[in-house]
Structures are given as C-alpha cells and as structure tokens.
Amino acid sequence: MRGPLLSSTAMEGPGLVGLDERARDIFRRIVESYLQTGEPVGSRTLSLTGVSLSPASIRNTMQDLTLAGLLASPHTSAGRIPTHAGLRLFVDGLLEIGDISRDERREIDARLAGRGRSFEEALDEASTLLSGLAGGASIVASPVRDAGVKHVEFVALGHDQALAVLVADDGTVENRLMPLKAGVTPSTLQEASNFLNARLKGRPLHEARTEMRTELEAARRELDAAAARLVEDGLAAWSGGAERERALIVRGRANLLQDREAVEDLERVRVLFDDLEQKEQLIGLLDGVSNAQGVRIFIGAETRLFSLSGSAVIAAPYMSGRQRVLGAIGVIGPARLNYARVIPLVDYTARVLGRMLDGQET
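In every chain, residue numbers begin from 1 and rise along the written sequence. Only residues with pLDDT of at least 70 get local features here, since the model is predicted, and only at 80 or more are side-chain atom pairs given and counted; chain-wide, interface and lining totals rely on the full set of residues. Values reported for side chains reflect all heavy atoms of the structure, with hydrogen atoms and water molecules removed beforehand.

Peer 1: Where do I start with helix H12 (residues 279–290) in this structure?
Peer 2: Three or four residues apart is the spacing at which side chains of an α-helix point the same way, because the helix has 3.6 residues per turn. Here a strand is any run of E in DSSP of at least two residues, a helix any run of H or I of at least four, and the numbering for each starts at the N terminus. A helix is expected to span 1.5 Å for every residue after the first. Helix length check: H12 (12 residues) gives 16 Å between terminal C-alpha atoms against 16 Å at 1.5 Å per residue, within 8%. Think of it in three bands: residues with accessible area under 20% of the maximum for their type are buried, residues over 50% are exposed, and the middle band is partly exposed, with areas taken using a 1.4 Å probe on protein chains only. Of the residues making up H12, those classed as buried are Leu282, Ile283, Leu285, Leu286, Val289 and Ser290. Along the axis of H12, the buried positions cluster into a sector of 155°, meaning they face one direction only. The arc in question is the one traced by the directions running from the helix axis out to the C-beta atoms.

Laid out in structure tokens, this is it:
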C-alpha cells in the first residue's frame, strides 16, 4: 500500500503514553469488542477473554479509563463503550490495518476498468462499489477540472442566439447557449473568439478568469462594444461550471439503517441523512482530504458537519499517475465502523479510480 496509509487527523486528548500495559490491553479489548458487536463491554465479559486480572481489578482499570475520557457508560449499563476520543486514540495507535482480499481487488479492478465512461459515470460506479463493499454510505466529489484551454469559439445559431464553445487540453468540450444582442455580426463573433484564444490558450480557465476581467476593462477601447459584451458573457457562461456544478455522489444511505444500534436511534440517523444533503460542506470536506497524503479519518466532532450525528468518515484522495490530485472518495457510517476493513478498501478504491481517470486526462 502507498505510504503513509493514514494521514493524521488527531484531536487533542489523552495519549497511549499515559496508559500502562494493563490499561492499554483492557482498552484495546473493549474497543475491539465494541466495534464488532456495538454493545457495551463489562468486566465480566472481559474476564472471559483471557485477561489475567480479577473482575475487581478490571473494573478499577475501566474506571480509570473512563476518568481519562477514553470510555463512557451509556445509560445505566455497567458496561463501557469508547468515546470518540477513545476511538481516535485506538485508530491512531492500536489499530492493526489488514488488507483486502484478492477477490475484492479483482472486483474493484474489473468494475472500474470500463473504458469510454465519462468522469461522472466512473465516479458513480466507484461510489456504488465502495458503499456495497464497506457497508456504509459512500461519497465522492467530481474533481475541479483545471485543464488548460485549447480553443474557444462563438458560433451563431441565428440572429438572436450563439453557441459558446470551449475545448480543453484534456479533450473535454463545454457548450453554452448565449443570447445575442442586436448589432452582433460574424466579424464581431470572430473578434471575440480571437481575443479569448490569444489570452486563454494553455491556461486553466478558473485561474485566468479574474485576470481576464481586468484585461477586458483595459481592452474595451480596442474591442468593438458588442465583442466586449460577448467576451464578458462567454467568460461568465464557461466559468459557471468550474465550481458550482461539481457533482457530489452519495450512495448506500440504506446501509446506515442495517445497523441494529442505528435503528434504535433513528433521530441520529435522521440527522446523518440531513448531513448527507449538505452538498457544499461535503465537497469542502473532501477537498480538505485532497490536500492530505494517505487516508484521513474524522470521528464525531472532529468535523463540524457530523458532530451531531456522531458519525465517522474515512476518505482518501484519488490522483493521476503523475501524482496530481483529482479529488477524494470516502465512506460515512456510525462511529463504530469496521476501520480495519474500511481503511484499506477506501485506499485501494481511490488508487484504482485515480489510475482509471488518469487515462481520460491525456
């Protein structure tokens, strides 16, 4: 696996250094049991797992871990569950990350190897695949397209309408219908096209947009008034898709209702479903992941978006073969996600998705 596999997202809190060997062993056993069953873990249960301590000693250690903020006692249960700080400590210091099976690798490779797909189709397939394998909801945001401009042109479709065409270096084509104001002639369309081609060629549109508007103000004396309006309208039309129209794909919401603990707390699931509708915040979260190296994990209040639902997010950037980050893909679920399984699934899916999309960049 690429390294580092995990990128630090730790929040302040107690560390492993402050735990002796006994406390560390009991803490690890409690977290592992909770992640597997979702049930509070009591001293009697622990005594049956091979801990060479009396139930009273186990209870005392559990009390110390509770006072340290690593465990909590839900309701009136005598058992303990890890807090979000406890889960973070476990993930950062005690989690043993496995690997996905050969069959799962083959399935991911096969389902993402289809050629001729659009970016959106590839991302949709990756999201559907990951939610099914991981058993949670998956999210993926379409990347910001920052290919340079290859050619622009305004084509008249009638006396009152034109087609603004932008061809990017990566082969993608953006077409936008534009109304034509009175007085626009074929020479006006050509003048506006020449102006933009001379200044945009080879430059990503989102980078050049602000500078172009400044240049346009200075060039109004050279351009015909109608051509200047065309240039301005064209920039507005093309740049509209760079950020606002980025697709956010969420798949597998129903998986969140399969968990028995979640069914018992439908209000928390409802809050999570509301969170999943926050497109801009989710894209912002994934964009933050894109700046990291390796898989990032957010638990509960570590991200404001999921602080009320107490959910966990495991996400990784997907990048081209030239190590250019394209975006990020991840899994959302209850805080007791199977981290050891989901982390390598997200990591491998992100890598395969990046390789697949890399072929569409050239």
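Peer 1: Any chance you could explain the nonpolar core here in plain terms?
Peer 2: Considering soluble globular proteins, one finds that nonpolar side chains tend to be buried as a cluster. If you look at the biggest cluster of nonpolar residues, it comprises 59 residues, and the most contacted ones within it are Phe27, Ile108, Ile314, Tyr318 and Tyr339. Counting residues per element, this core draws most heavily on helix H13 (residues 339–358), at 11 residues. Apart from the residues lying within four places of it in its own chain, the contact partners of Ile314 are Val295, Arg296, Ile297, Ile329, Gly330, Val331, Leu337, Tyr339, Val342, Ile343 and Val346. One finds Ala164, Leu166, Ala219 and Val231 within the second-largest nonpolar core, a separate group that totals 24 residues. To form a nonpolar core, buried Ala, Val, Leu, Ile, Met, Phe, Trp, Tyr and Cys residues must be joined to one another through side-chain atoms within 4.5 Å. Contact definition: two residues touch when any of their heavy atoms are within 4.5 Å.

Peer 1: It is not clear to me how the pattern of salt bridges should be interpreted in this structure. Could you clarify?
Peer 2: Between side chains of opposite charge, a pair can form as their charged atoms come close. In the sections that follow, a salt bridge refers to a side-chain nitrogen of Lys or Arg positioned within 4 Å of a carboxyl oxygen of Asp or Glu. Under the defined criterion, the tally for this structure stands at 12 salt bridges. The salt bridge involving Arg88 is made with Asp92; its shortest N-O contact spans 3.0 Å. Of the two residues, Arg88 and Asp92 both sit in helix H4 (residues 84–93), four residues apart, roughly one turn of that helix. The partner of Glu107 in a salt bridge is Arg111, and the shortest N-O contact between them spans 3.3 Å. Separated by four residues within a single helix, Glu107 and Arg111 lie in helix H5 (residues 102–112), roughly one turn from each other. Among the residues examined, Glu107 registers a relative accessible area of 32% and is labelled partly exposed. In this structure, a network of salt bridges that share partners links the residues Asp25, Arg28, Arg29 and Glu32.

Peer 1: Just checking my understanding: could you explain the sheet that holds strand E5 (residues 149–156) for this structure?
Peer 2: Across a sheet, strands are paired by hydrogen bonds formed along the backbone, either parallel or antiparallel in direction. Spatial ordering of the open sheet is given by E5-E6-E7, a layout of three strands whose pairing is antiparallel. Each edge of the sheet is formed by a strand with only one pairing partner; in this case those strands are E5 and strand E7 (173–179). Taken over all neighbouring pairs, the strand axes of this sheet differ in orientation by 15° on average, direction set aside. For two strands to pair, DSSP has to find at least two bridges joining them. As judged from the seven bridges shared by E5 and strand E6 (residues 161–168), these two strands associate in the antiparallel manner. Helix axes use the C-alpha atoms of the stretch in contact, all axes being lines fitted to C-alpha atoms, and the angles between their N-to-C directions lie in the range 0 to 180 degrees.

Peer 1: How do you make sense of the side chain of Arg88 when you look at a structure like this?
Peer 2: By relative accessible area, which is 4% here, Arg88 ends up buried. Between N or O atoms, a polar contact is any pair within 3.5 Å; within protein, one atom must be a potential hydrogen donor and the other a potential acceptor, and residues adjacent in sequence are included only when both atoms are from side chains. Within the structure, Arg88 has its side chain in polar contact with the side chain of Glu302 (distance 2.7 Å).

Peer 1: I tried to follow the pairing of strand E11 (residues 325–334) on my own but got confused; where do I start?
Peer 2: A regular strand places its side chains on the two faces of the sheet in alternate fashion. Burial analysis of E11 places eight of its 10 residues in the buried class, the great majority of the element. Both strand E4 (residues 137–141) and E11 contribute to a ladder of four bridges, which runs antiparallel. Residue Val140 lies in a different strand from E11, and its bridge partner there is Ile329. Where strand E10 (residues 311–319) meets E11, nine bridges bridge the pair, whose relative direction is antiparallel. Residue Pro317 lies in a different strand from E11, and its bridge partner there is Ala328.

Peer 1: How should I be thinking about the packing of helix H1 (residues 21–37) against H4 in this particular structure?
Peer 2: Packed helix pairs are characterised by how far apart their axes lie and by the angle those axes make with each other. Close contact between H1 and H4 brings their axes to 11 Å; oriented N to C, the two are set at 105°. Viewed along their axes, H1 and H4 adopt a mutual orientation that is roughly perpendicular. The residues of H4 that touch H1, namely those facing Phe27, Arg28, Val31, Glu32 and Leu35, are Gly86, Leu87, Leu89 and Phe90. When describing relative orientation, an angle under 35 degrees is termed roughly parallel and one over 145 degrees roughly antiparallel, while 65 to 115 degrees is termed roughly perpendicular and anything else oblique.

Peer 1: In this structure, what is going on with the side chain of Thr188? I would like to understand it.
Peer 2: Along the polypeptide, Thr188 turns up in helix H7 (residues 186–200). Look past the residues within four positions of Thr188 in its chain and what remains in contact with it is Gly183, Asp224, Ala226, Ala227 and Leu230.

Peer 1: Please explain the packing of H1 against helix H3 (residues 55–67) as it appears in this structure.
Peer 2: As a packed pair, H1 and H3 sit with axes 10 Å apart at the nearest point and diverge in direction by 85°. Looking at the two axes, H1 sits roughly perpendicular to H3. On the side of H1, the interface is formed by Arg22, Ala23, Ile26, Phe27 and Ile30, while H3 contributes Ile58, Thr61, Met62 and Leu65. Three classes are used: nonpolar for Ala, Val, Leu, Ile, Met, Phe, Trp, Tyr, Cys and Pro, charged for Asp, Glu, Lys and Arg, and polar for all others, with Gly counted as polar. Class assignment for the residues of the contact of H1 with H3 results in seven nonpolar, one polar and one charged.

Peer 1: What's the story with a nonpolar patch on the surface in this structure? I'm lost.
Peer 2: A cluster of nonpolar residues, Val155, Leu157 and Leu177, forms a patch on the protein surface that exposes about 260 Å² of accessible area. Relative to the assigned elements, Val155 resides in strand E5. Only residues whose relative accessible area exceeds 30% and that form no salt bridge enter a patch; like-charged residues are grouped when within 9 Å of one another, and nonpolar side chains (Val, Leu, Ile, Met, Phe, Trp, Tyr) when within 5 Å. The method behind every accessible area is Shrake-Rupley, applied with a 1.4 Å probe, and residues are considered shielded solely by the protein chains displayed.

Peer 1: I tried to follow the confidence of the model for the chain on my own but got confused; where do I start?
Peer 2: The predicted coordinates should not be examined in detail at positions where pLDDT is low. Note on scores: pLDDT gives the predictor's confidence for each residue, bounded by 0 and 100. The pLDDT averaged across the chain works out to 80; a share of 83% of its residues lies at or above 70. Between the elements of the chain, mean pLDDT differs from a low of 52, seen in helix H10 (residues 260–263), to a high of 94, seen in strand E3 (residues 81–82). Predicted confidence for residues 240–244 stays below pLDDT 50, and this span has six contacts to residues more than four positions away or in other chains.

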